[in-house]
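# A structural walkthrough
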Amino acid sequence: MKSPLLALPGAVPAEGTDEGVAAHYGDLFREQRNLARGTGFVDLSHRGVLTVTGADRLAWLHLLITQHVSALPPQQATDALVLSANGHVEHALYLVDDGTTTWVHVEPGTQQALAAYLESMKFFYRVEVADVTADHAVVHLPAGSTASAEGAAAVRELSHGRDLFLPRAGLAALTEGYGPAAGVWAYEALRIEDHRPRLGFETDHRTIPHEVDWLGSAVHLQKGCYRGQETVARVHNLGRPPRRLVFLHLDGTEEVLPPHGAEVRLASDPQGRALGFVGSSARHHELGPIALAVVKRNVPVDAVLLAGTVPGTQDVIVPQ
């Protein structure tokens, strides 16, 4: 679904997963600095949007996801996961309830599978699940923004900003007063700096929440049963995850960024076996080239790593 905001001056379309919105509007670092200062906005209208309505919606969702939402107060944003029976991450949900409707946004293209799963679990509960991606779009305002959220169907208040669910038909008009547009490249650079993992980037089919630091933000360790809870509890109480998320300060003399999926090795043994993979990488306006990667738990925390062909040092996110 192509965003109407691609018609803004300087817009360069993103590719891959983020296709449909702008990668940047001509000046990546200026766009990052604007967001860091609390000005401008990011078009995330390529993301999927679901709604859940009905009297049982929160109690029902509480049974299916990793987060405690049975008594979620209106307007309080939270994150949650859907796990497989073996505890592997299948979906990441970013949600808020407005008192009558639970609004959820998810990674582009994943909303259909999530909606199908939720439909299959309705049973006798009084809930209705709808894919409203065609009617509503997500726009992000950075922390400190004074832009009005008037016209938004719902708002997620976050430490790093606000996610607005806007009517797609009025997207161009509603965002006119938000300040300069920033592309997803700027948004991604700040996400990587903030150590926030992204489904399909810092995750694969084997990922469990502990590996990418989702225990603190998307998993409630004291709630009742849900699919995959046994794995979550066992690893949390009795063991350590087999892999860990790391933040990489990459060598700024290299002209290329390691792509998603690039193998990670020890810089001291570039022909050795792969120890992990690169999730996301970006050029940051202050830190230079940076990345998030997932590596084996026992990789020494002080080891210089080779992300593809680019050396980098680690900041620990998930303890060894």
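This report concerns the structure included in the present document. (Residues numbered from 1 in each chain as written. Predicted model: local features only at pLDDT ≥ 70, side-chain atom pairs only at ≥ 80, totals over all residues. Heavy atoms only, no water.)

## Regarding the nonpolar core
In terms of nonpolar packing, the biggest core is built from 24 residues, with Leu81, Trp214 and Leu245 touching the most fellow members. What Trp214 contacts, discounting residues up to four positions off in sequence, is Leu81, Val89, Ala92, Tyr94, Pro197, Leu199, Thr203, Pro209 and Val219. Of all hydrophobic cores here, the second largest spans 21 residues; its members include Val52, Leu72, Leu114 and Ala115. (Core = buried A, V, L, I, M, F, W, Y, C linked by side-chain atoms within 4.5 Å. Buried < 20%, exposed > 50% of the residue type's maximum accessible area, 1.4 Å probe, protein only. Contact = heavy atoms within 4.5 Å.)

## A few points about the environment of Val256
The topology assignment puts Val256 in the loop between strand 13 (243-250) and strand 14 (263-266). The partly exposed category is assigned to Val256, whose relative accessible area is 47%. Put simply, Val256 and Val310 are 54 residues apart on the chain and 7.8 Å apart in space, counted from C-alpha to C-alpha. If we ignore the near neighbours within four places in the chain, the residues touching Val256 are Arg283, Thr309 and Val310. (Helix = DSSP H or I, 4+ residues; strand = E, 2+ residues; numbered from the N terminus.)

## What about the sheet that holds strand 15 (residues 276-284)?
In space, the 6 strands of this closed barrel follow the order 13-16-15-14-17-18, with antiparallel pairing throughout. Taken pair by pair, the neighbouring strands of this sheet meet at an average axis angle of 45°, ignoring direction. Relative to strand 16 (residues 288-296), strand 13 runs antiparallel, the two being bridged by 7 bridges. Each bridged residue has a counterpart across the sheet, and for Arg243 the counterpart in strand 16 is Lys296. Sitting on the sheet, helix 5 (residues 184-193) is in contact with strand 13, strand 15 and strand 16, with an inclination near 120° to strand 15. (Pairing = 2+ DSSP bridges. Axes fitted to C-alpha atoms, helices over the stretch in contact; angles between N-to-C directions.)

## Focus on the sheet that holds strand 9 (residues 136-142)
Spatially, 10-11-9-3-12 is the arrangement adopted by the 5 strands of the open sheet, whose pairing is mixed. Sheet topology places strand 10 (154-158) and strand 12 (181-182) at the edges, where each strand pairs with a single neighbour. Of the strand pairs in this sheet, strand 9 and strand 11 (residues 161-167) are connected by 7 bridges, and their pairing is antiparallel. Residue Leu141 lies in a different strand from strand 11, and its bridge partner there is Arg162. Helix 5 rests against strand 3 (41-43), strand 9 and strand 12 of the sheet, and its axis sits at about 110° to strand 3.

## Side note on helix 7 (residues 229-238)
Buried within helix 7 we find Gln229, Thr231, Val232 and Val235. Angularly, the buried residues of helix 7 cover 165° about the axis, an arc narrow enough to put them on a single face. The exposed residues of helix 7 that point more than 90 degrees off its buried face are Glu230, Asn237 and Leu238. The secondary structure elements touched by the buried residues of helix 7 are strand 5 (78-83) and helix 6 (215-218). (Arc of directions from axis to C-beta.)

## Examining the pattern of salt bridges
Scanning all chains against the criterion turns up 18 salt bridges. Notably, a salt bridge pairs Glu211 with Arg243, separated by 3.1 Å at the nearest N-O pair. Linking Glu211 in the loop between helix 5 and helix 6 with Arg243 in strand 13, this pair joins segments that are 32 residues apart in sequence. Glu211 sits in the buried class, given a relative accessible area of 2%. Through salt bridges with shared partners, one network takes in Asp18, Arg47, Glu107, Glu188, Arg191, Arg198 and Glu202. (Salt bridge = Lys/Arg side-chain N within 4 Å of Asp/Glu carboxyl O.)

## Points about the environment of Arg243
On the basis of relative accessible area, Arg243 is assigned to the buried category, the value being 7%. Here the alpha-carbon distance between Arg243 and Glu211, two residues 32 residues apart in the chain, equals 5.4 Å. Among residues more than four places away in sequence, those in contact with Arg243 are Asp204, Arg206, Thr207, Glu211, Phe277, Val294, Val295, Lys296 and Arg297. One polar contact links Arg243 to Asp204, side chain to side chain, over a distance of 2.9 Å. (Polar contact = N/O pair within 3.5 Å; in protein donor to acceptor, adjacent residues only side chain to side chain.)

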